[in-house]
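Residue strings, one per chain:
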Amino acid sequence: MRTSTRIAGALTGLTLTFGGAVLAAPAVRADIPACTNMAEMAGATASDSVTAACGRGVVGDLQSCVSGLTDAGVAGGAATAACRAAAHEPR
């Protein structure tokens, strides 16, 4: 077998191995339940609007998340903390 063929085969094997590992790795999930729990502790009732606002925090739209939680009855500081919690991986 030629050296170039062996090298190409080895590189292909490595690419498939590492590519598969990347695809099999668990995705980082945001923490919507932590956000909604914090919002409820701060006075909001569990609703679709609270969950939607926390969902906007997940994608990094903190301004819209805070506005949504504030509209749902969460104080400004608590809304900001809840939205920041939405963007973190659950623990």
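Scroll up to find the structure this text is about.
Residues numbered from 1 in each chain as written. Predicted model: local features only at pLDDT ≥ 70, side-chain atom pairs only at ≥ 80, totals over all residues. Heavy atoms only, no water.

Student: A description of the packing of helix 2 (residues 32-41) against helix 5 (residues 76-86) should follow, citing residues and the corresponding values.
Tutor: Helix-helix packing is characterised by the crossing angle of the two axes and by the distance between the axes. Interaxial distance between helix 2 and helix 5 falls to 7 Å at its minimum, and their mutual angle equals 165°. With respect to their mutual orientation, helix 2 and helix 5 come out roughly antiparallel. Between helix 2 and helix 5 the crossing geometry is right-handed. Of helix 5, the residues touching helix 2 (which contributes A34, C35, M38 and A39) are A81, A82, C83, A85 and A86. (Axes fitted to C-alpha atoms, helices over the stretch in contact; angles between N-to-C directions. Helix = DSSP H or I, 4+ residues; strand = E, 2+ residues; numbered from the N terminus. Parallel < 35°, antiparallel > 145°, perpendicular 65-115°, else oblique. Left-handed = near helix turned anticlockwise from the far one by under 90°. Contact = heavy atoms within 4.5 Å.)

Student: With reference to specific residues and values, describe the state of the cysteines.
Tutor: Under the defined criterion, the tally for this structure stands at 2 disulfides. The disulfide partner of C35 is C54, and the S-S distance across this bridge is 2.0 Å. Taking the torsion about the sulfur-sulfur bond, which here is approximately -75°, the covalent link between C35 and C54 counts as left-handed. Note that C35 is positioned in helix 2 and C54 in helix 3 (residues 48-58), a separation of 19 residues in sequence. (Disulfide = S-S within 2.5 Å.)

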